[in-house]
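# Remarks on the overall topology
Given next are the chains, with one letter for each unit.
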Amino acid sequence: MAALYACTKCHQRFPFEALSQGQQLCKECRIAHPVVKCTYCRTEYQQESKTNTICKKCAQNVQLYGTPKPCQYCNIIAAFIGNKCQRCTNSEKKYGPPYSCEQCKQQCAFDRKDDRKKVDGKLLCWLCTLSYKRVLQKTKEQRKHLSSSSRAGHQEKEQYSRLSGGSHYNSQKTLSTSSIQNEIPKKKSKFDSITTNGDSFSPDLALDSPGTDHFVIIAQLKEEVATLKKMLHQKDQMILEKEKKITELKADFQYQESQMRAKMNQMEKTHKEVTEQLQAKNRELLKQAAALSKSKKSEKSGAMTSP
């Protein structure tokens, strides 16, 4: 009896071949919990539910620091603290300032000073490295598929030639030796003409055919299109955030302006009231002064007229 192994998600037991190689998941769990990319840090993780689009680490950072901002180097929306994501911060501390990526041309590739860690001798950023490795993996799988199909076809041809060889020998047994000798140089000359023209068939040539190169180019173009779409989406998100910030600043400016106008109107009204009160008091004092001066004049004239 074959040994059974437990799925890491549902804990049911299955044969070893039925579980995934990396995370040991059964088919139902792989469908229910696919491996997706985090919306923020772009790392792959096991999705718990369809509504969950960010990994656990980013979810914890969102609770602690709020919504992240785009990184000033790689433009990935994962800068929870400051203007740089944690990946670029750690790489900058370890390898120094970033260089231009040879694929996306962004200033986000860190030189590790080791040619063995480069991808085919190219200095690529983290996202472009992952995309390039995926293209290489797809190319290897396509080459394996092509080689297996070409070998199967070659075996079928050999089997067919063996089966048809006996009947062909029996049917051609009555031919004369002269006719056979005449046929041999014809076939040989035909084969020589094929080989001289460079059209001879070989498994290596089938593997290195232009179709394989086309698969590689198409895969690379698809990866570039996907990368550009991601960059465009990130730029759109940045523009939307900036427009939102501008709208908030305009609303704040209008509110402050209205408050300032209301305060100025209140101050002007108060100043006008105080001025009117002072003017009224001044007029009252002038009247009192005039009445006093008049009474003094009358007293002086009465004193002069008395004996």
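Residues numbered from 1 in each chain as written. Predicted model: local features only at pLDDT ≥ 70, side-chain atom pairs only at ≥ 80, totals over all residues. Heavy atoms only, no water.

Where an unreviewed UniProt entry is consulted, the chain appears under the name Family with sequence similarity 76 member A, with the organism given as Ictidomys tridecemlineatus. UniProt annotates the chain under Sequence similarities (unreviewed entry) with the comment "Belongs to the FAM76 family." (UniProt positions renumbered as here; feature names shortened; annotations may be inferred.)

Moving on to the overall build of the chain. A tally of regular secondary structure across the chain gives seven helices and eight strands. Expressed as a percentage of its 307 residues, the buried residues of the chain come to 20%. (Helix = DSSP H or I, 4+ residues; strand = E, 2+ residues; numbered from the N terminus. Buried < 20%, exposed > 50% of the residue type's maximum accessible area, 1.4 Å probe, protein only.)

Turning to the state of the cysteines, a few remarks are in order. Counted according to the given criterion, the structure contains zero disulfides. Free cysteine: Cys-38, not disulfide-bonded; nearest cysteine sulfur from Cys-41 at 3.7 Å. Residue classification places Cys-38 among the buried positions, given a relative accessible area of 0%. For Cys-88, which is in no disulfide, the shortest distance to another cysteine sulfur is to Cys-85 and amounts to 3.5 Å. (Disulfide = S-S within 2.5 Å.)

Among all positions in helix α3 (residues 86-95), only Cys-88, Thr-89 and Ser-91 are buried. Remark: Gly-96 follows α3 within two positions and exhibits a positive phi of approximately 95 degrees.

Keep in mind that low pLDDT regions are not for reading the predicted coordinates in detail. Mean pLDDT over the chain: 75, with 71% of residues reaching 70 or higher. Looking across the chain, the model is least confident in helix α6 (residues 203-207), with a mean pLDDT of 37, and most confident in α3, with 91. Considering only residues more than four positions removed or in separate chains, one finds that residues 166-212, a stretch of pLDDT under 50, has 14 contacts. (pLDDT = per-residue confidence, 0-100. Contact = heavy atoms within 4.5 Å.)

Right, let's talk about the packing of aromatic side chains for a bit. The geometry of two aromatic rings is summed up by the distance between their centres and the angle between their planes. Across all of its chains, the model carries two aromatic pairs by this definition. For the pair Tyr-40 and Phe-80, a centre-to-centre distance of 6.3 Å together with 85 degrees between the ring planes defines the contact as edge-to-face. Here Phe-80 lies in the loop between β6 (77-79) and α3 and Tyr-40 lies in the loop between β3 (35-37) and β4 (44-46), a separation of 40 residues in the sequence. Here the two residues Tyr-40 and Phe-80 agree in accessibility, since each one is buried. (Phe/Tyr/Trp six-rings, centres within 6.5 Å; stacked < 30°, edge-to-face > 60°.)

Ranked by size, the top nonpolar core spans 27 residues in total, and within it Cys-38, Tyr-40, Cys-58, Cys-74, Cys-88, Cys-101 and Cys-125 carry the most contacts. Where this core is concerned, the elements lending two or more residues are β6, β8 (107-109) and α4 (126-171). (Core = buried A, V, L, I, M, F, W, Y, C linked by side-chain atoms within 4.5 Å.)

On the surface, Leu-64, Tyr-65 and Ile-81 cluster together into a nonpolar patch covering about 350 Å² of accessible area. Along the chain, Tyr-65 falls in helix α2 (residues 56-65). (Patch = residues over 30% accessible without salt bridge, like charges linked within 9 Å, V, L, I, M, F, W, Y side chains within 5 Å. Areas by Shrake-Rupley, 256 points an atom, 1.4 Å probe, with all protein chains shown as cover. Salt bridge = Lys/Arg side-chain N within 4 Å of Asp/Glu carboxyl O.)

This part covers the pattern of salt bridges. Under the counting rule described, the total for this entry stands at two salt bridges. Ionic pairing is found between Arg-261 and Glu-257, a salt bridge with its closest N-O pair at 3.4 Å. Taken together, the residues Arg-261 and Glu-257, both in helix α7 (residues 210-305) and four residues apart, mark about one turn of the helix. By relative accessible area, which is 51% here, Arg-261 ends up exposed. Judged by relative accessible area, Glu-257 falls into the partly exposed class, the value being 32%.

Attention now goes to the environment of Lys-105. For Lys-105, the position within the fold is in the loop between β7 (99-100) and β8. Residue classification places Lys-105 among the exposed positions, given a relative accessible area of 60%. Linking Lys-105 and Leu-124, residues 19 residues apart in sequence, is a C-alpha distance of 9.1 Å. A distance of 3.2 Å separates a polar side-chain atom of Lys-105 from the backbone oxygen of Glu-102. (Polar contact = N/O pair within 3.5 Å; in protein donor to acceptor, adjacent residues only side chain to side chain.)

Our focus in this paragraph is unusual backbone geometry. Located in the positive-phi region is Arg-42, a residue other than glycine, with phi close to 65 degrees. Looking at the element boundaries, Arg-42 is found in the loop between β3 and β4.

Take Lys-235: it is sitting in helix α7. The class of Lys-235 is partly exposed, set by a relative accessible area of 38%. Lys-235 sits 165 residues away from Pro-70 along the chain, and the two C-alpha atoms are 9.1 Å apart.

Now for the side chain of Ser-91. Of note, Ser-91 is situated in helix α3. If sequence neighbours within four positions are ignored, Ser-91 has contacts with Gly-96 and Phe-110.

On to the side chain of Gln-234, then. As for its placement among the helices and strands, Gln-234 is situated in helix α7. Each residue touching Gln-234, except ones within four places of it in the same chain, is listed here: Cys-74, Asn-75 and Ile-76.

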